[in-house]
Amino acid sequence: MRVGILGGAFNPPHIGHLVCAQEALIQLELDTVVWVPVGEAPHRELQGDPGPDARLEMVELAIADDERFSASRIELDREGPSYTVDTLEQLLEQSPEDELFLILGGDQAAALASWHEPEKVLERATLAVFERMSWGRNAIVIKIGRMPGAERVRYLDMPLIQVSSSAIRRRVREGVPIRYLVSDKVVEYVATHELYGGQGSREKALVK
């Protein structure tokens with residue numbers, strides 16, 4: 001199978017993530033995209049983190065109506081920092097016949113050299129990179145072009161969607177609606193569990 005791997009904090013998952021997964025699936029002719037919420041982020045502290053299980057549950061809610069997507073708790077169940085190379089190795093051990101495509105934003109791809117064992121990442125998966133205004137193909141090639149395996153990088157197109165998880169969390173704190181920025185099921189989850197400093201007022205702050 002041709003399998004896309006979409007990792008991230010998903011704090012919370014939003015429409016940008018959904019469009020990213022769909023575009024990768026279509027443009028790369030993938031069989032499925034596996035969403036992998038980070039367990040212990042190795043390079044940063046997650047702001048307002050409701051916990052890995054809550055983030056996984058929001059991913060499951062966000063993708064519930066699309067059979068092309070699935071969620072994995074592979075990084076949640078593994079102790080220690082969630083290094084991508086370990087995730088790829090584990091997935092290939094489980095299904096050695098799969099061809100893996102690691103889906104990244106341009107900024108993530110440009111920083112690949114600073115990752116844990118980046119050469120092994122390139123050995124185990126083809127990078128599928130969405131170019132961004134500040135990180136286009138030429139800029140990324142300058143950063144990683146000399147790394148073994150970088151010649152296999154696939155560059156993808158994506159509609160410009162200026163939505164971020166941090167902006168959504170801020171809107172929740174301010175009592176501003178987040179409907180249509182995340183799936184309705186995630187709206188309900190955020191409201192019900194009073195995440196991100198919200199007060200659970202579904203009618204006043206989140207839905208209407």
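Please refer to the structure placed before this passage.
Quantities reported herein were computed from a predicted structural model and do not represent experimental measurements.

What counts, and where the lines are drawn
- Residues numbered from 1 in each chain as written.
- Predicted model: local features only at pLDDT ≥ 70, side-chain atom pairs only at ≥ 80, totals over all residues.
- Heavy atoms only, no water.
- Helix = DSSP H or I, 4+ residues; strand = E, 2+ residues; numbered from the N terminus.
- Buried < 20%, exposed > 50% of the residue type's maximum accessible area, 1.4 Å probe, protein only.
- Contact = heavy atoms within 4.5 Å.
- Expected span 1.5 Å × (residues − 1).
- Phe/Tyr/Trp six-rings, centres within 6.5 Å; stacked < 30°, edge-to-face > 60°.
- Core = buried A, V, L, I, M, F, W, Y, C linked by side-chain atoms within 4.5 Å.
- Arc of directions from axis to C-beta.
- Salt bridge = Lys/Arg side-chain N within 4 Å of Asp/Glu carboxyl O.

## Brief notes about the side chain of Arg-55
Structurally, Arg-55 can be placed in helix 2 (residues 52-63). On the accessibility criterion, Arg-55 (0% relative accessible area) is buried. Filtering out sequence-adjacent residues up to four positions away, Arg-55 remains in contact with Ala-9, Phe-10, Asn-11, Pro-37, Val-38, Gly-39, Leu-46, Asp-49 and Pro-50.

## Overview of helix 2
Between its terminal C-alpha atoms helix 2 stretches 17 Å, which fits the 16 Å expected from twelve residues at 1.5 Å a residue. Those residues of helix 2 lying buried are Ala-54, Arg-55, Leu-56, Met-58, Val-59, Ala-62 and Ile-63. In this structure, the buried residues of helix 2 make contact with helix 1 (15-27), strand 2 (32-37), strand 3 (69-71) and helix 8 (184-192).

## Considering the pairing of strand 5 (residues 126-130)
In terms of burial, strand 5 is a largely internal element, five of the five residues being buried. Side chains Thr-126, Ala-128 and Phe-130 project from strand 5 onto one buried face, and the interleaved Leu-127 and Val-129 project onto a second face that is buried too.

## Describing the packing of aromatic side chains
Both the distance between ring centres and the angle between the ring planes are used here to describe each pair of aromatic rings. The tally for this structure, following the rule as stated, stands at two aromatic pairs. Ring geometry for Phe-10 and Trp-35: centres 5.3 Å apart, planes at 40°, overall tilted. Taken as a pair, Phe-10 in the loop between strand 1 (2-8) and helix 1 and Trp-35 in strand 2 lie far apart in primary sequence, 25 residues in all. Given a relative accessible area of 0%, Trp-35 falls into the buried group. The interplanar angle of 55° and the centroid separation of 5.9 Å between the aromatic rings of Trp-35 and Phe-69 together place this pair among those described as tilted. Of this pair, Trp-35 sits in strand 2 while Phe-69 is found in strand 3, placing the two residues 34 residues apart along the sequence. An aromatic cluster is present here, built from Phe-10, Trp-35 and Phe-69 joined pairwise through their rings.

## Looking at the nonpolar core
Grouped together as the largest cluster of nonpolar side chains are 32 residues, with contacts concentrated most on Leu-6, Val-33, Trp-35, Ile-103 and Val-190. Listed by contribution, the elements that provide at least two residues to this core are helix 1, strand 2, helix 2, strand 4 (99-105), strand 5, helix 7 (165-174) and helix 8. Counting residues per element, this core draws most heavily on helix 2, which supplies five residues. Residues within four places of Val-33 in sequence aside, it is in contact with Gly-4, Leu-6, Ala-21, Leu-25, Arg-68, Phe-69, Ser-70 and Ile-103. Counting residues in each nonpolar core, the second largest holds 24 residues, with Val-3, Val-34, Val-36 and Val-153 among its members.

## With respect to helix 3 (residues 84-94)
In an α-helix, one full turn covers 3.6 residues, which means residues spaced three or four apart are oriented alike. All buried positions along helix 3 are accounted for by Val-85, Thr-87, Leu-88 and Leu-91. The buried side chains of helix 3 occupy one side of the element, clustering within an arc of 160° when seen end-on. The exposed set on the far side of helix 3, more than 90 degrees from its buried face, consists of Glu-93 and Gln-94.

## Description of the pattern of salt bridges
Applying the stated criterion to the full structure yields eleven salt bridges. For Glu-117, the salt bridge identified is with Lys-120, shortest N-O distance 3.7 Å. Taking relative accessible area as the criterion, Glu-117 reaches 32% and is therefore assigned partly exposed. The class of Lys-120 is partly exposed, set by a relative accessible area of 32%. Here Glu-123 makes a salt bridge to Arg-124, at a shortest N to O gap of 3.1 Å.

## Brief notes about unusual backbone geometry
Residue Asn-11 is joined to Pro-12 through a cis peptide bond whose omega torsion reads 5°. Mapped onto the elements, Pro-12 comes out in the loop between strand 1 and helix 1. Even without glycine at this site, Tyr-196 takes up a positive phi of about 60°. Note on placement: Tyr-196 falls in the loop between helix 8 and helix 9 (202-207).

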